[in-house]
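# Structural overview for review
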Amino acid sequence: MTLFIDGDAFPNLLKPIVLRSIERLSLTTKVIANKKIDIGSSKHIEYIIVDQGADEADHHIVALCEAEDLVITADIPLADRIISKQAHAIDHRGELYSVDNIKQYLAMRNLMESIRESGEMIGGPKAFGTKDAHAFANQFNAFLAKKDLPPSRA
């Protein structure tokens, strides 16, 4: 299993959580973004900077992702594309997307975007905080435990 991190807008609070797991489990990890993102130093992390553009990082992640890989992203359309490849996606707030729920999340996202564009509502989701980081850590660790990955011997 490869861990992919959609580096655009990756919360700083999640960096140490993810880095500990990468090191503990020797997780092959690719951080993909259109600018330099640093979640920490590890021989298991490859940083990939893609061209500027709205969905360039997303396209790159989809191209590299294979079945059973895990993608960390807050981008619901990207999560939908990942799920269609029989891979897994988790968002920054700990939501594990699946074939059972991704279409519902995508429909809600599109509805909210439409409402914002109409001017009836301004702003997006609430600010990311410690509670969100804890929810992510719990879901991320539960997912990795189910994968039964052996701890690193390094």
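It should be noted that the structure appears before, not after, this text.
Criteria and cut-off values
- Residues numbered from 1 in each chain as written.
- Predicted model: local features only at pLDDT ≥ 70, side-chain atom pairs only at ≥ 80, totals over all residues.
- Heavy atoms only, no water.
- Helix = DSSP H or I, 4+ residues; strand = E, 2+ residues; numbered from the N terminus.
- Buried < 20%, exposed > 50% of the residue type's maximum accessible area, 1.4 Å probe, protein only.
- Polar contact = N/O pair within 3.5 Å; in protein donor to acceptor, adjacent residues only side chain to side chain.
- Contact = heavy atoms within 4.5 Å.
- Salt bridge = Lys/Arg side-chain N within 4 Å of Asp/Glu carboxyl O.

Before going further, it helps to spend a moment on unusual backbone geometry. Even without being glycine, Ala-9 reaches a positive phi, approximately 65°. Inspection of the secondary structure assignment puts Ala-9 in the loop between strand E1 (2-6) and helix H1 (15-25). Overall, the relative accessible area of 65% leaves Ala-9 in the exposed class. Backbone geometry places Ser-26, a non-glycine residue, at a positive phi of 50°.

Moving on, we come to the side chain of Asp-80. If you trace the backbone, Asp-80 turns up in helix H3 (residues 76-84). Overall, the relative accessible area of 15% leaves Asp-80 in the buried class. A distance of 2.9 Å separates polar atoms of two side chains, one belonging to Asp-80 and the other to Lys-103. Excluding anything up to four places from it in sequence, Asp-80 contacts Ile-102, Lys-103 and Leu-106.

Under the definition given, this model contains 5 salt bridges. For Lys-30, the salt bridge goes to Glu-46, with nearest N and O atoms at 2.7 Å. Taken as a pair, Lys-30 in strand E2 (residues 28-33) and Glu-46 in strand E3 (residues 45-49) lie far apart in primary sequence, 16 residues in all. With relative accessibility at 37%, the residue Glu-46 sits in the partly exposed group. Of the charged contacts, one joins Asp-132 and Lys-126 as a salt bridge, the two residues approaching to 3.6 Å between their closest N and O atoms. Linked by salt bridges that have partners in common, Arg-93, Lys-126 and Asp-132 make up one network.

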